[in-house]
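# Close look at the chain arrangement
Next come the chains, spelled out residue by residue.
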Amino acid sequence: MTNDQTRTSAPGLASAPEPLAHGLRPRHLTMMGLGSAIGAGLFLGSGEGIATAGPAVLVSYAIAGAIVVLVMRMLAEMASAVPASGSFSVYAEVALGRWAGFLLGWLYWFMLIMVLGVEVTGVAGIVHGWWPQVPQWTVAAVVVAVFAAVNLSGVRNFGEAEFWFAAIKVAAIVGFLVVGALLVVGIIPTAGPGLADWGAHGGFAPAGLAGVAAGLLVVVFAFGGIEIVAIAAAEARDPSNAVARATRTILWRILFFYVGAVAIMVALIPWDDAGGLASPFVTVLEHAGLGGAARLMEVVVVLALLSAYNAQIYGTSRMLFSLGERGDAPRPVTGVAGNGVPWVAVLVSTAFGVVAVVLNAVLPQALLGVLLNAVGSALLVVWILVAVSQLRLRPRLEAEARERGERLAVRTWAYPWLTWATLAGLAAVIVLMLSDAAARAQLAATAGLVLVILACYAVTTAVKGRRSRAPSVGAAAE
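Read on for an overview of the structure.

What counts and how
Residues numbered from 1 in each chain as written. Predicted model: local features only at pLDDT ≥ 70, side-chain atom pairs only at ≥ 80, totals over all residues. Heavy atoms only, no water. Helix = DSSP H or I, 4+ residues; strand = E, 2+ residues; numbered from the N terminus. Buried < 20%, exposed > 50% of the residue type's maximum accessible area, 1.4 Å probe, protein only. Contact = heavy atoms within 4.5 Å. Areas by Shrake-Rupley, 256 points an atom, 1.4 Å probe, with all protein chains shown as cover. Salt bridge = Lys/Arg side-chain N within 4 Å of Asp/Glu carboxyl O. Axes fitted to C-alpha atoms, helices over the stretch in contact; angles between N-to-C directions. Parallel < 35°, antiparallel > 145°, perpendicular 65-115°, else oblique. Left-handed = near helix turned anticlockwise from the far one by under 90°. Nonpolar A, V, L, I, M, F, W, Y, C, P; charged D, E, K, R; others polar. Expected span 1.5 Å × (residues − 1).

Along the chain, the regular secondary structure elements total 20 helices and zero strands. With 478 residues in all, the chain has 52% of them scored as buried. In the chain, of all internal contacts separated by at least 6 residues, the share reaching a separation of at least 24 is 82%. By element, 69% of the accessible surface of the chain is carried by carbon and sulfur atoms, the whole surface being about 19,400 Å².

Shown next, in the form of structure tokens:
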């Protein structure tokens, strides 16, 4: 029986143990999920959402947050039952076929590689602004070298780095929430205009339902990154319990941090104040009379970008390793060091991250825009296939758990109705995107990328099939 037959026709979902270390603890997974989702999207993108929808952007965040909570619950259900470094790519392959695993694995890898380039470019630009005498390429080179070393040094060191990065970001958000709440209730006298008068600026929803819908398009992708927890489950100690504990705490914390921070912004900054919303965190802190707020938030943004870069090197390397194990990437990427790190995959992902940085610098803006648009809505493809995979695998997972006399450690609520509701919500987001010119360009670029990956799958499958049918030299001689 071939390796492909073993994977696709095995009666159980339990995968063979991977030669990776198991050094991640529940606190690592919890902070990793928080740190991956609370990033530049919140610190830099929240003002755009408020400017689009007004105070009603809170509804947009609540809807997007609910979708993410449900998708993450589905992913956690599968990850706790079958931990795998390929995560949703593996589940899609089992549920839908090899084409789905190939598509999700390479789509996610390409998406994160392009984002890596953007993040390193952002860090280099900010640090260069602090010290103009330091070339941007030097900053980028240092970032790439340092985080390659962190990821190569062992998964425990990676987990600790992400834990402390995320802890700093969470502390910054908590501090912002405290200062903002004190401003809102009047304990701290404001140096700004005070509570925003929504009535004087068009009310709670100045753009109506259309504004809420447009705001949803802005904010839905801010939650991307939390799926790294499911990938990391394969290297956690006692993965079932670790994923269950991590997801139970991550989800409500993220909603609290996002909705709480944005609620303070809309309470203190008029939605049509373009200057104030350009950097809403800084604006609120300046209202509190905190000197150096702009520089403080720049430091936090740099840390957020570095944390995301670190997590995404991890995510891309594990996805590439999993693709290699399943025969969908060159076999050398499955090389594992003595400390359990897939070192070849780490170096390959790091190298392509460098390529993405160079592309950010040298590509014409139009071509770079096409590449970035291609990853803009790729997350929707990932989420949709996660939901479809869970819809198909849940009965099988429950049956296998019953055979072992166990219950699933994590169960998606109200199956299958909430899964179908999630798919309907994601379909509604796509319909909204079709009504917006910029979002349509993202969907078109993502569709093009999906077709390219599926074409690559068809070609590689045909080549493998031809090789398997070709007679060996010895057989031909006979």
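Under the counting rule described, the total for this entry stands at 11 salt bridges. Residue Glu 77 pairs with Arg 394 through a salt bridge whose shortest N-O separation is 3.0 Å. Placement of the pair is Glu 77 in helix H4 (residues 57-81) and Arg 394 in helix H17 (residues 378-403), with a sequence separation of 317 residues. A single burial state applies to Glu 77 and to Arg 394, both of which are buried. Measuring nitrogen to oxygen at the nearest pair gives 2.2 Å for the salt bridge that ties Asp 328 to Arg 98. Within this pair, whereas Asp 328 is found in the loop between helix H14 (293-325) and helix H15 (343-362), its partner Arg 98 is found in helix H6 (residues 98-130), the two being separated by 230 residues in sequence. Across the pair, exposure class does not vary: Asp 328 and Arg 98 are buried alike. Taken together, the shared-partner salt bridges connect Glu 77, Arg 394, Glu 398 and Arg 411 into one network.

Look at the link from Tyr 415 to Pro 416: it is a cis peptide, with omega at 0 degrees. In this model, Ser 87 sits at a positive phi of 45 degrees, which is unusual for a non-glycine residue. Along the chain, Ser 87 falls in the loop between H4 and helix H5 (88-96). On the accessibility criterion, Ser 87 (0% relative accessible area) is buried.

So, about the packing of helix H8 (residues 155-185) against helix H13 (residues 280-287). In contact at an axis separation of 10 Å, H8 and H13 are set at 50 degrees when each is read in the N-to-C sense. It follows from the interaxial angle that H8 and H13 lie oblique. Crossing handedness for the pair H8 and H13: left-handed. On H13, the residues touching Ile 173, Phe 176, Val 179, Gly 180 and Leu 183 of H8 are Phe 281, Val 284, Leu 285 and His 287. Looking at the contact of H8 with H13 residue by residue, the class counts come to seven nonpolar, two polar and no charged.

Let us now look at helix H9 (residues 208-219). Given a rise of 1.5 Å per residue, 12 residues ought to cover 16 Å, and the 17 Å separating the end C-alpha atoms of H9 matches this to within 8%. Of all the residues in H9, the buried ones are Gly 211, Val 212, Ala 213, Gly 215, Leu 216, Leu 217 and Val 219.

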